[in-house]
Amino acid sequence: MADIPDIRFKGFDGGWEQRKLGDTLCNLQNNTLSRSELTYEEGTIKNVHYGDVLVKYGEVIDVKNEQMPNIIDNAVVEKYKSSFLQNGDVIFADTAEDKTVGKCSEIAGLTDETILSGLHTIPYRPQLKFATGYLGYYFNSSIFHQQLIPLMQGIKVTSISKSAMQNTDIIYPKSVEEQEKIGTYFVHLDHLITLHQRKCDEMKQLKKFMLQKMFPKSGELIPEIRFVGFTGGWEQRKFGTMFKRRMERNNGQFDNTRWISVAKMYFQEPGKVTSNNIDTRTYVMRRGDIAFEGHSNAEYKYGRFVANDIGDGIISELFPIYMHIDDYDEAYWKYVIQIEKIMSSKLLKCIEISYTSSNKLDEDFFLKEEMLVPSLDEQQQIGNYFRNLDHLITLHQHKCDNLKEVKRFMLQNMFPKKG
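Quick caveat, the model's predicted, so the values are computed rather than measured.

Engineer: How do you make sense of the overall build of the chain when you look at a structure like this?
Structural biologist: Within the chain, the secondary structure is distributed over 10 helices and 23 strands. Looking at the chain as a whole, 47% of its 419 residues qualify as buried. For the chain, contacts bridging at least 24 residues in sequence account for 78% of all contacts bridging at least 6. Accessible surface, the chain as shown: approximately 21800 Å² in total, 50% of it carbon and sulfur.

Take a look at the structure:
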């Protein structure tokens, strides 16, 4: 008899059962078909590949709704007939490049489909009645996974054997009703996580699409999508009529203030610095300023501009800073400088590519370059639109992250710790 979990549904009491996995589930046969022997285009025999268990599938595979590859050659299936998977069967990935070895998926929603467990998997069939979802979530909990860590072998590639799995312990409530409540709880959590992640991804795709459509194409003066009430072409203006270089030395007045990291401008709040970190090699960057980051990477081949929408702070002298010299909308400029089709061609002409990893902006070329700019009113409409989109993206991402943290916590506390 095992202990009870820290968190439990009301109405249930008494200790949980503890048995060896090998006494509770029986091993099925898996095939060794590689990716090249699977296809999504045709076939009738579905296959569960270990790579999909590790990366793609969750704790429960809903066969009706999950896209699964098929076996190309049905003739190889004959010798596996006794191991066709059923609802409630669980599949462990026995190999990985890290300690995710032992990640598990439970089969559910199967009616007349034929499914086999594939390469580098260990399939099991319960010999007792378990509620849908219970085993899938239990086997992916840290409570169970901790048993697998000392059994793992290998350095670059980690694996676990069937014989080692047999001797692990499985803990479960005797009441199938309690198992069902646990499984249903986690299925519901996963549904909410998927919902918010999908909404977040949809908002990101919408933002990407609108960034392409709400600014004029090359050679045109009017964007494809525009707010009602605005007509006429956008104005062609030189950067030098809108920006000038800010050369404001810090001089120590920014004690204990923001240090602005250009590389992390859009990813996290910059850290604080003290007077001990401040010297004359820093410049002041005011809210609304833009700075040029000359370090190339895969996404920004020739460098990029970033906008300061955080607040006043200090920045390394390595990054040239430009301030607006006329009326502008802060949010509009934050987004317009993210648009590759607008900025990259202009920057390429304004950059001196050195033999180092850095690119230097030629200020004279940059200030003479031209771009199309809408009226201040239209800037504000566009800026507000994308700011609201970003708010929705952040909202759904935070909700998704919070739910994932709830799930992680509950997986640690809704199953008894092995005593």
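The discussion continues.
Engineer: Hey, could you run me through the packing of aromatic side chains in this one?
Structural biologist: The description of two aromatic rings rests on the distance between their centres and on the angle between their planes. Throughout the structure, instances matching the rule amount to 31 aromatic pairs. Ring centres 5.1 Å apart and planes at 25° place the aromatic pair Y137 and F186 in the stacked group. Separated by 49 residues along the polypeptide, Y137 in helix 3 (residues 134–139) and F186 in helix 6 (residues 176–213) bring together distant segments of the chain. Its end group placed over the ring of F9, K181 keeps NZ or CZ at 5.9 Å from the ring centre. The positively charged end of R245 is found above the aromatic ring belonging to Y322, 6.0 Å away from the centroid.

Engineer: What should I look at first to understand the pattern of salt bridges in this one?
Structural biologist: Where charged atoms of side chains with opposite charge meet at close range, the side chains can pair. In the structure shown here, the tally under the stated rule is 23 salt bridges. In this structure, D89 and R125 form a salt bridge, with 2.8 Å as the shortest nitrogen-oxygen distance. Residue D89 is located in the loop between strand 6 (70–71) and strand 7 (90–93), and its partner R125 is located in strand 11 (residues 121–126); the two are separated by 36 residues in the primary sequence. For the pair shown, D89 and R125 are each scored as buried. With a shortest N-O distance of 2.5 Å, D289 and R246 are connected by a salt bridge. In this pair, D289 sits in the loop between strand 16 (282–285) and strand 17 (290–293) while R246 sits in the loop between strand 15 (243–245) and strand 16, placing the two residues 43 residues apart along the sequence. One exposure class covers both D289 and R246, and it is buried. Within the structure, one salt-bridge network assembled from shared partners comprises R246, E248, R286, D289 and D312.

Engineer: I keep staring at the sheet that holds strand 9 (residues 104–108) and nothing clicks. Help me out?
Structural biologist: Consider a sheet: its strands pair through backbone hydrogen bonds, and that pairing is either parallel or antiparallel. Across the sheet, which stays open at both edges, the 5 strands sit in the order 2-11-7-9-5 with mixed pairing between neighbours. Where the open sheet ends on each side, the last strands, each with one partner, are strand 2 (25–27) and strand 5 (60–62). Averaged over all neighbouring strand pairs, the angle between strand axes comes to 30°, with direction disregarded. The pairing of strand 7 with strand 9 spans 3 bridges and is antiparallel. Bridge pairing in strand 9 links F92 to C104.

Engineer: Help me understand the side chain of D390, please; the structure alone is not making it clear to me.
Structural biologist: Here D390 is to be found in helix 10 (residues 376–413). Using a relative accessible area of 18% as the deciding quantity, one classes D390 as buried. Not counting residues within four places of it along the chain, the set of residues in contact with D390 comprises K207, K334 and Y335.

Definitions and limits used
Residues numbered from 1 in each chain as written. Predicted model: local features only at pLDDT ≥ 70, side-chain atom pairs only at ≥ 80, totals over all residues. Heavy atoms only, no water. Helix = DSSP H or I, 4+ residues; strand = E, 2+ residues; numbered from the N terminus. Buried < 20%, exposed > 50% of the residue type's maximum accessible area, 1.4 Å probe, protein only. Contact = heavy atoms within 4.5 Å. Areas by Shrake-Rupley, 256 points an atom, 1.4 Å probe, with all protein chains shown as cover. Phe/Tyr/Trp six-rings, centres within 6.5 Å; stacked < 30°, edge-to-face > 60°. Lys NZ or Arg CZ within 6 Å of the ring centre and 35° of its normal. Salt bridge = Lys/Arg side-chain N within 4 Å of Asp/Glu carboxyl O. Pairing = 2+ DSSP bridges. Axes fitted to C-alpha atoms, helices over the stretch in contact; angles between N-to-C directions.

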